[in-house]
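Report on the structure
Residue strings, one per chain:
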Amino acid sequence: MFGISGGEAIIILIVALVIIGPERLPEYTQKFKEMVKAVRRYATGATDDLKETLGPEFSDLDWRKLDPRQYDPRVIVREALLEEDQDRAAQSPREPAPGTPTVRRLARGERAPFDTEAT
């Protein structure tokens with residue numbers, strides 16, 4: 001929950017035992033337990049207030065999907081580039097600008113604009 005490993009938790013308990021002492025340790029443990037419960041109640045209450053304030057449209061919203069830590073910029077760029085390529089392929093081929101030599105125009109006998117020879 002707090003990112004503390006088992007070894008670190010044991011060291012914290014030993015330090016707490018030495019600093020607080022075995023006589024007062026049960027009292028401080030009880031206070032710590034009550035503090036954790038109060039923080040959980042506060043967090044749950046804040047979540048409920050937020051859901052109530054936002055209304056029923058947001059009650060079933062999956063907040064994990066909106067977490068920015070799950071996005072990899074490389075994947076986003078790659079997907080955007082692939083999407084752009086697919087959009088281009090789906091579009092109809094563009095007509096060349098007027099006067100641009102194409103196979104069809106040259107086959108019909110039209111002169112290319114850069115052709116300097118007289119026909």
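Residues numbered from 1 in each chain as written. Predicted model: local features only at pLDDT ≥ 70, side-chain atom pairs only at ≥ 80, totals over all residues. Heavy atoms only, no water.

1. Observations concerning the overall build of the chain
The secondary structure content of the chain amounts to four helices and zero strands. When the helices and strands of the chain are placed in sequence order, the string is α-α-α-α. For the chain, buried positions account for 4% of its 119 residues. In the form shown here, the chain has an accessible surface area of approximately 11300 Å², with 60% of it arising from carbon and sulfur atoms. (Helix = DSSP H or I, 4+ residues; strand = E, 2+ residues; numbered from the N terminus. Buried < 20%, exposed > 50% of the residue type's maximum accessible area, 1.4 Å probe, protein only. Areas by Shrake-Rupley, 256 points an atom, 1.4 Å probe, with all protein chains shown as cover.)

2. Comments concerning the UniProt feature "transmembrane region" (unreviewed entry) in the chain
In the numbering used here, UniProt assigns the "transmembrane region" (unreviewed entry) feature to residues 6-25. Summarising residues 6-25: 80% helix, 0% strand, and an end-to-end C-alpha distance of 20 Å. (UniProt positions renumbered as here; feature names shortened; annotations may be inferred.)

3. Here we look at the pattern of salt bridges
By the definition in use, this model includes one salt bridge. For glutamate 27, the salt bridge goes to lysine 31, with nearest N and O atoms at 3.5 Å. Taken together, the residues glutamate 27 and lysine 31, both in helix α2 (residues 25-54) and four residues apart, mark about one turn of the helix. Judged by its relative accessible area of 41%, glutamate 27 is partly exposed. (Salt bridge = Lys/Arg side-chain N within 4 Å of Asp/Glu carboxyl O.)

4. Focus on helix α1 (residues 6-20)
Over its 15 residues, α1 runs 21 Å from end to end, which matches the ideal 21 Å to within 8%, given 1.5 Å per residue. Of the residues flanking the end of α1, it is glycine 21, one or two places downstream, whose phi is positive at about 95°. (Expected span 1.5 Å × (residues − 1).)

5. Comments concerning the packing of aromatic side chains
Taken as a whole and judged by the stated rule, the model has zero aromatic pairs. One residue, lysine 31, lies across the ring of tyrosine 28, its end atom 5.4 Å from the ring centre. (Phe/Tyr/Trp six-rings, centres within 6.5 Å; stacked < 30°, edge-to-face > 60°. Lys NZ or Arg CZ within 6 Å of the ring centre and 35° of its normal.)

6. A few points about α2
Every α-helix winds through 3.6 residues per turn, so residues three or four apart in the chain are directed the same way. Counted at 1.5 Å a residue, the expected span for α2 with its 30 residues is 44 Å, and the 43 Å between its end C-alpha atoms agrees. Phi for glycine 55, located one or two positions after α2, is positive at around 95°.

7. A closer look at a nonpolar patch on the surface
There is a patch of nonpolar side chains on the surface, built from Ile10, Ile11, Ile14, Val15, Val18 and Ile19 and spanning about 620 Å² of accessible area. Tracing the chain through its elements places isoleucine 19 in helix α1. (Patch = residues over 30% accessible without salt bridge, like charges linked within 9 Å, V, L, I, M, F, W, Y side chains within 5 Å.)

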